[in-house]
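Each chain, letter by letter, is given below.
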Amino acid sequence: MEPLELYSEYVQRCRGYYRASVQTCDPEALHDLRVHLRRLSVLTRALGKAGTAIWSKEARNDIRTLFRAAGTLRDIRTQQRLLRFWETRNGEAFGELQAYLRPVARKA
């Protein structure tokens, strides 16, 4: 597969995983989004070094920002799942952690 074809494929996959992540908060889609954003970043960096710059520096920064935001969201979702697990297992609420996670999750 040619590098630009691979680039197009990664972009399409990122779009699909992004939609799935936003609509369903599916942890697998969020993981796949991060994996393909990383691959896209590496590919564009390699293409730029080979003289085929297809992204501006601003666009690369936007991808980094999205990658970090997806990581933050993944971490919050993991903490929420662990919280539900421990609340169910122990039969008690962890109010302070719930109070912390609510605004952080909305912000993400």
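The structure we're discussing is the one just above.
Read on for an overview of the structure. (Residues numbered from 1 in each chain as written. Predicted model: local features only at pLDDT ≥ 70, side-chain atom pairs only at ≥ 80, totals over all residues. Heavy atoms only, no water.)

Here we look at the nonpolar core
To be explicit about the condition: As used here, the term nonpolar core means buried Ala, Val, Leu, Ile, Met, Phe, Trp, Tyr and Cys residues forming a set that is joined through side-chain atoms within 4.5 Å. Burial classes: relative accessible area under 20% of the type maximum marks a residue as buried, over 50% as exposed, and values in between as partly exposed (1.4 Å probe, protein chains only). Helix numbers and strand numbers start at the N terminus; a helix is a DSSP run of H or I with at least 4 residues, a strand a run of E with at least 2.
Of all hydrophobic cores here, the largest spans 14 residues; its most connected members are Tyr7, Cys14, Leu33, Leu37, Leu40 and Leu43. Of all elements in the fold, only helix H1 (3–24), helix H2 (27–49) and helix H3 (57–90) reach the threshold of two or more residues within this core. Considering each element in turn, this core owes the most residues, six residues, to H2.

Regarding the side chain of Arg34
Rules: Charge assignment: positive for Lys and Arg, negative for Asp and Glu; neither His nor the chain ends contribute. Within this document, salt bridges are pairs made up of a side-chain nitrogen of Lys or Arg and a carboxyl oxygen of Asp or Glu, the two lying within 4 Å of each other. By definition, residues are in contact when any of their heavy atoms lie within 4.5 Å.
Assignment of secondary structure puts Arg34 in helix H2. Buried and unpaired, Arg34 has Asp75 as its nearest opposite-charge partner, separated by 7.0 Å. Aside from chain neighbours lying at most four places away, what touches Arg34 is Phe67, Ala70, Gly71 and Arg74.

Details of the pattern of salt bridges
Going through the model one piece at a time under the given rule, you end up with two salt bridges. We note a salt bridge from Arg74 to Asp75, for which the minimum N-O separation is 3.0 Å.

The values are spatial; any link to function lies outside them.
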